[in-house]
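What follows is the residue order along each chain.
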Amino acid sequence: MIRALKTTFRTTKKDLKRLFACNRNSAQVWNDCLQYANEHHLNTGNWINKSELQQLTRGRYNLHSQSIQSVQERYLQARTNAWKAKQQGYNHIRYPYKEKKNYPTRWKKDGFIINPDGRIELKMCLFNGKRQPPIKVKVAKLPPGQIKEIELTWDRQLMLAISYEDGYQPQENNNEGMAAIDLGEIHGIAGFAENGHSIIITSRKLRSLKRLRNKKTGDLQNKISRCQKGSRRYKKLRRAMAKTSRKTERQQRDILHKTSYKFVKWAEANKVNQVIAGDVEGVQRETKAHKKNPRRRQKNRMTNQKLSQWPFGLLLTYLAYKLQFKGIALTKTDESYTSQTCPVCNRKKKVSGRTFRCYCGYTEHRDIHGAKNILAKYKYGAIKDLGIKQTKVTYLRPAV
Ligand SMILES: [Zn+2]
């Protein structure tokens with residue numbers, strides 16, 4: 001199975017500069033792809049294809065040839081994805097159009113040399129008739145297994161995302177059931193399986209962690225705002241701030257790993273072979289400023305912070321590969337209205353407490369209610385009563 005390891009690295013000042021330049025150059029390739037594709041479409045009425053793009057961009061950037069190719073591939077992929085989304089009726093999706101200032105550079109298999117002690121040479125190609133020396137970096141720990149690709153990405157600082165083959169094969173199973181999950185802020189994962197069992201893994205710890213972080217960074221921000229920019233105290237406080245957020249990040253990742261691990265155990269025990277998750281893409285988008293009435297955002301600042309800091313994406317990523325390893329598929333589905341609709345009478349209602357209570361008498365734990373509705377929506381295309389008797393609820397916490 002292909003896995004990825006994101007890691008920091010060491011390098012010289014000079015090479016660090018060159019690495020920054022790589023991501024700027026990759027952005028230039030991206031921007032040129034946009035422009036060439038546009039011109040091509042205007043002139044010929046057709047879409048530009050891979051070889052035409054390659055001809056236009058070959059050798060023109062200070063990057064390894066495969067790194068240039070990788071940008072083109074990502075551009076073409078983005079275009080195809082947008083097309084597919086449009087086919088499915090998502091008309092608000094646009095073809096790639098945004099110019100970038102930075103874009104992650106990738107080195108493919110001929111683009112790097114790995115030394116067992118963690119030194120990595122990232123190759124460059126001829127540029128302006130001159131051979132460019134490789135960029136040398138060193139990582140503390142190489143991932144176990146064969147390295148497939150290295151990406152230079154930005155996450156508060158430049159980092160390397162190393163994809164590698166871990167040598168494991170997904171396990172065979174003869175599971176048959178389906179389960180759906182609802183990801184929430186308090187109950188990290190609420191799941192419901194077709195055999196009638198459900199699970200709730202709380203994430204209160206994660207929430208308190210985030211609160212503490214917000215408070216700490218708030219205090220620091222306050223102090224920083226009273227310092228002169230660039231002063232010694234300013235720099236010291238900035239470092240403290242970065243340290244706090246790195247620490248929270250690590251703790252958060254730890255909790256998410258434990259949460260996903262526990263869920264996978266439960267899914268295995270309940271003979272699940274497919275897990276359906278609500279597509280939470282929209283969660284963050286909706287927290288952006290309200291178009292007609294920007295002041296509404298002000299009002300909801302607390303909620304916004306709460307929502308956008310909930311690492312749904314990360315949890316899903318961890319779940320996906322842990323489930324895959326056990327031979328269980330993870331499928332995303334549209335989750336709109338699943339939390340508000342009563343499966344019995346289909347009336348809509350905003351939930352306020354921990355329990356969903358409908359006028360018709362239906363009651364259910366809020367998050368299990370959501371998971372059940374996601375399952376119904378996936379299986380039947382509509383929110384309705386599944387007709388499965390709920391037999392067992394497992395409550396877990398990520399730590400222990
Ligand atoms: Zn009802």
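Computed from a prediction, not measured in an experiment: that's the story for all the values here.

Another aspect to go through is a nonpolar patch on the surface. Residues Leu16, Phe20 and Trp154 make up a contiguous nonpolar surface patch of about 300 Å² in total accessible area. Looking at the secondary structure, you find Phe20 in helix 1 (residues 13-44). Using a relative accessible area of 33% as the deciding quantity, one classes Phe20 as partly exposed.

Here Gly196 shows up in the loop between strand 11 (189-193) and strand 12 (197-201). For Gly196, a relative accessible area of 0% translates into the label buried. Placed 146 residues apart in sequence, Gly196 and Lys50 show a C-alpha to C-alpha distance of 50 Å. In this view, Gly196 contacts Ile388, Lys389, Gln390, Thr391 and Lys392; residues no more than four positions away in its chain are not counted.

With respect to topology, 3 strands assemble into an open sheet ordered 3-4-7, the strand pairing being antiparallel. The open sheet is flanked by strand 3 (112-114) and strand 7 (135-138), the only strands paired with a single partner. Taking each pair of neighbouring strands and ignoring which way they run, the sheet shows an average axis angle of 20°. Examined bridge by bridge, strand 4 (residues 119-122) and strand 7 share 4 bridges and lie antiparallel to one another.

Take the nonpolar core next. Residues Leu19, Ile120, Leu122 and Leu160 are the most contacted members of the largest nonpolar core, which totals 34 residues. For this core, the secondary-structure elements that each account for two or more residues are helix 1, helix 3 (65-87), strand 4, strand 7, strand 8 (146-154) and strand 9 (158-165). Ignoring sequence-local partners within four residues, the contact set of Leu160 consists of Leu5, Lys6, Thr7, Phe9, Ile120, Val137, Val139, Ile150, Glu151 and Leu152. Formed by 25 residues, the second largest nonpolar core is a distinct cluster that contains Ile189, Ala267, Ala277 and Ile328.

Turning to the coordination of the zinc ion, a few remarks are in order. On the protein side, the zinc ion has Cys342 (SG), Cys345 (SG), Cys358 (SG) and Cys360 (SG) as donor atoms, found 2.2 to 2.3 Å from it. Between the 4 donor atoms coordinating the zinc ion, the angles at the centre fall across 103 to 115°, so the site counts as tetrahedral. Positions of the donor residues of the zinc ion along the chain correspond to the pattern C-x2-C-x12-C-x1-C. Exposure remark for Cys358: the relative accessible area of 10% places this residue in the buried category.

Positionally, Thr341 belongs in the loop between strand 14 (329-334) and strand 15 (355-357). A relative accessible area of 2% means that Thr341 is categorised as buried.

A word on the layout of surface pockets. Computed from the structure, the second largest pocket encloses a volume of approximately 1,200 Å³. If you trace the second largest pocket, you find 32 residues lining it, with Lys6, Asp155, Met159, Glu249 and Arg253 closest to the centre. For the lining of the second largest pocket, the element with the most residues is helix 5 (residues 232-269), which contributes 10 residues.

So, on to the pairing of strand 8. Bridge count between strand 2 (residues 105-107) and strand 8: 3 bridges; the pairing is antiparallel. Pairing of Trp107 across the sheet is with Ile150, part of strand 8. As paired strands, strand 8 and strand 9 are joined by 8 bridges and run antiparallel to one another. In the strand pairing of strand 9, Thr153 is matched with Met159. Taking the residues between adjacent antiparallel strands as the criterion, strand 8 and strand 9 are bridged by 3 residues, where Arg156 takes a positive phi near 70°.

Quick notes on the rules
Residues numbered from 1 in each chain as written. Predicted model: local features only at pLDDT ≥ 70, side-chain atom pairs only at ≥ 80, totals over all residues. Heavy atoms only, no water. Patch = residues over 30% accessible without salt bridge, like charges linked within 9 Å, V, L, I, M, F, W, Y side chains within 5 Å. Areas by Shrake-Rupley, 256 points an atom, 1.4 Å probe, with all protein chains shown as cover. Salt bridge = Lys/Arg side-chain N within 4 Å of Asp/Glu carboxyl O. Helix = DSSP H or I, 4+ residues; strand = E, 2+ residues; numbered from the N terminus. Buried < 20%, exposed > 50% of the residue type's maximum accessible area, 1.4 Å probe, protein only. Contact = heavy atoms within 4.5 Å. Pairing = 2+ DSSP bridges. Axes fitted to C-alpha atoms, helices over the stretch in contact; angles between N-to-C directions. Core = buried A, V, L, I, M, F, W, Y, C linked by side-chain atoms within 4.5 Å. Donors = N, O, S within 2.8 Å, 3.2 Å for Na, K, Ca; no water. Tetrahedral: all angles 85-135°; square planar, octahedral: opposite > 155°, others 65-115°. 1 Å grid on protein atoms, 1.4 Å probe; cavity = no way out; pocket = protein on both sides within 12 Å on 5 of 7 lines; lining within 4 Å. Points joined across faces, edges and corners; volume = space filled by probe spheres on them.

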